[in-house]
Amino acid sequence: MDQKYLSDAAHFPGGHAPRLEIPRTIDEIPDIIRRAQTLLPIGAQSSLTGGATPMGEVVLSTEKLTRILELGDRHVRVEAGVSMAALQHALATRGAWFPPVPTFTGAFAGGIVATNAAGAVTFKYGSVRRWVDALTVVLADGTTIAMRRGDARARDGWLSVEAVSGRIDVPVPTYVMPDVVKRSAGYHAEPDMDLIDLFIGSEGTLGLITTVTFRFVTPAPAIAFGFVPCVSESQALALVRELRHASIATWRNGDHDGIDAAAIEYLDRRCLQILHEDGADRKHDVIIPTGTQLALLVQLELPRTTNAAAAYNQIETALTDRTTDGALARFCRMLDAHGVLDGTELAMPDQTRRAEALIALREAVPSGVNQRVGAAQRDIDSRIAKTAADMIVPFDRFAEMLEIYRRGFTSRGLDAAIWGHVSDGNVHPNVIPHSYEDVARGRDAILEFGRDATRLGGCPLAEHGVGRNAVKQRLLRELYGDDGIEEMRRVKRALDPSWKLAPGVIFPR
Ligand SMILES: Cc1cc2nc3c(=O)[nH]c(=O)nc-3n(C[C@H](O)[C@H](O)[C@H](O)COP(=O)(O)OP(=O)(O)OC[C@H]3O[C@@H](n4cnc5c(N)ncnc54)[C@H](O)[C@@H]3O)c2cc1C
């Protein structure tokens, strides 16, 4: 069996499997599941939690299930193995767009639903859950069930599912989920929840997703990017706060000329250093002025007619004639008021190459960190592993949380970089380990961060899920308590009594 199927992007150690199944059609799946003693569904294996690493299960790869079954005016129905890049490409032919894609666009439809993934634009568009209208799922006993949002809701604390073996009653967990936009933290639970929401975010443990019906946006918006170097954290966060307020007002009032920032990304000083050390700034021809402490990457939606020439004209007059209106003029005036306009680089909707360069610069940060982790694992200690958090707090508490991340790393003498989706209050603090002790200290810091994130009203598991990662499983247990995990186990037992699907993912048996 090809070794590549034995690990995922988390490089979780010890992956092994007795067999690999790659069905060519969905119809083959029920039989494969019936025959297997245990089975792990996998998509693109871009999981950052070890959830897509087999630990003795038969691996079922959805990679050949790549058909787009139906592309309508508002909905698209796809097989589980369709990648986000392929989906966007198909939608682009109709001038449409699917917003909640994770930063890694190779991820598959089944994978993003199974993890309730969320991308940069969650601030405006929410996580994947909101975009799923229907699913087809094969249960552990081989039953195929089709569900459409709105068709089956919980009643008196129970959901029910019709399987070949008869009706299955599933107890709805009673824990209360944190009130934040991202929470890929175990099973979804609400008193009157929809059955479909139980499977979204269940990380392969309750059923194998074979088809998904997504909603999408049409027409696709015109998107500009602004790379904004800042001299201090307070300067950056004040700008983010104002951009968030202005954007929310634009959406609420339907203001055609309003500022519409769908995403704001954050790169701290260590991230910028990494870009410089790796030559990524030179490669992508981006100037990071001396004295820059951190940078923001703003994704701005503009009226569809905006092209570079019109845009620069608007910016120029915006600064000389303050009565000039338009989304870009307002955006530039806001940058100017915060003292960051001069250092900002803009890529307009028709400047695709510049936009790609700015996105590539952002992506060079995680890959730079991962390379350093890989090198330390190879050259220093094979026990070294990626040591990273993925937490969210309400934006009002973000500055406080950032200080907690900083203090937690500094007090332990750790080298660390922090980047992520600041518009959601969701960032990824990552340790850059120089020894195995750094990894141990980093895990300790992450557990502490999790408690603080929960205390501040956030969620210690925002978008990557829980998977097999021991620290993440512990964060989940601390979030919902032993009783909460037991409630999840009851759900699992009802739908998968022999613990066949993705055993050990999210929680131990
Ligand atoms: C560079 C990089 C950037 C990333 N950026 C983001 C980001 O911005 N936001 C984000 O949310 N995530 C991000 N991720 C994490 C990852 O891309 C997401 O978790 C993604 O949703 C996983 O999709 P996949 O197809 O790779 O699934 P896999 O990794 O193969 O599987 C993930 C989990 O889903 C289960 N699963 C997969 N397919 C199915 C199926 N058909 N039915 C049932 N269960 C299934 C698996 O058993 C496993 O538990 C990033 C990862 C990388 C490497």
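A short tour of the structure in this document, coming up.

1. Section: the site of the ligand
Right, on to step 1. Taken together, 34 residues sit near the ligand, with P41, G43, S46, T103 and A118 positioned nearest.
Right, on to step 2. T115 is positioned with one of its side-chain polar atoms (N or O) 2.9 Å from an oxygen atom of the ligand.
Right, on to step 3. Between a nitrogen atom of the ligand and a main-chain N or O atom of I209, the distance comes to 2.9 Å.
Right, on to step 4. Protein contact buries 94% of the 980 Å² of open area that the ligand shows by itself.
Right, on to step 5. Listed by contribution, the elements that provide at least two residues to the shell around the ligand are β2 (39–42), α3 (109–114) and β10 (208–215).
Right, on to step 6. Looking at the shell around the ligand, the element that brings in the most residues is α3, giving four residues.
Right, on to step 7. Tallied by class, residues from the shell around the ligand come to 18 nonpolar, 14 polar and two charged.

2. Observations regarding the packing of helix α6 (residues 233–253) against helix α10 (residues 327–337)
Right, on to step 1. Here α6 crosses α10 at 155 degrees, and the two axes come no closer than 10 Å. Put simply, α6 runs roughly antiparallel to α10. Crossing angle aside, the handedness with which α6 passes α10 is right-handed. Each of L239, E242, L243 and A246 in α6 lies in contact with α10, whose residues at this interface are F331, M334 and L335.
Right, on to step 2. In terms of residue class, the contact of α6 with α10 is built from six nonpolar, no polar and one charged.

3. Concerning empty space enclosed by the protein
Right, on to step 1. For the structure on display, the rule yields one cavity of 30 Å³ or more.
Right, on to step 2. Here the largest cavity defines a volume of roughly 70 Å³.
Right, on to step 3. As for the largest cavity, its lining consists of N116, R129, M177, R183, S184, A185, G186, Y187, H188, G201 and Y480.
Right, on to step 4. Class assignment of the residues belonging to the lining of the largest cavity gives a composition of four nonpolar, five polar and two charged.

4. Observations concerning the sheet that holds strand β17 (residues 426–431)
Right, on to step 1. In space, the seven strands of this open sheet follow the order β14-β11-β13-β12-β16-β17-β15, with antiparallel pairing throughout. What marks the edges here is a single partner per strand, and that holds for β14 (345–347) and β15 (391–392).
Right, on to step 2. Sheet analysis places strand β12 (residues 261–267) next to strand β16 (residues 416–421), joined by three bridges and oriented antiparallel. The partner of L267 across the bridge, within β16, is W419.
Right, on to step 3. Packing against the sheet, helix α7 (residues 269–277) makes contact with β12, β13 (294–302) and β16, and its axis sits at approximately 100 degrees to β16.

Cut-offs used in this document
Residues numbered from 1 in each chain as written. Predicted model: local features only at pLDDT ≥ 70, side-chain atom pairs only at ≥ 80, totals over all residues. Heavy atoms only, no water. Near = heavy atom within 4 Å. Polar contact = N/O pair within 3.5 Å; in protein donor to acceptor, adjacent residues only side chain to side chain. Areas by Shrake-Rupley, 256 points an atom, 1.4 Å probe, with all protein chains shown as cover. Helix = DSSP H or I, 4+ residues; strand = E, 2+ residues; numbered from the N terminus. Nonpolar A, V, L, I, M, F, W, Y, C, P; charged D, E, K, R; others polar. Axes fitted to C-alpha atoms, helices over the stretch in contact; angles between N-to-C directions. Parallel < 35°, antiparallel > 145°, perpendicular 65-115°, else oblique. Left-handed = near helix turned anticlockwise from the far one by under 90°. Contact = heavy atoms within 4.5 Å. 1 Å grid on protein atoms, 1.4 Å probe; cavity = no way out; pocket = protein on both sides within 12 Å on 5 of 7 lines; lining within 4 Å. Points joined across faces, edges and corners; volume = space filled by probe spheres on them. Pairing = 2+ DSSP bridges.

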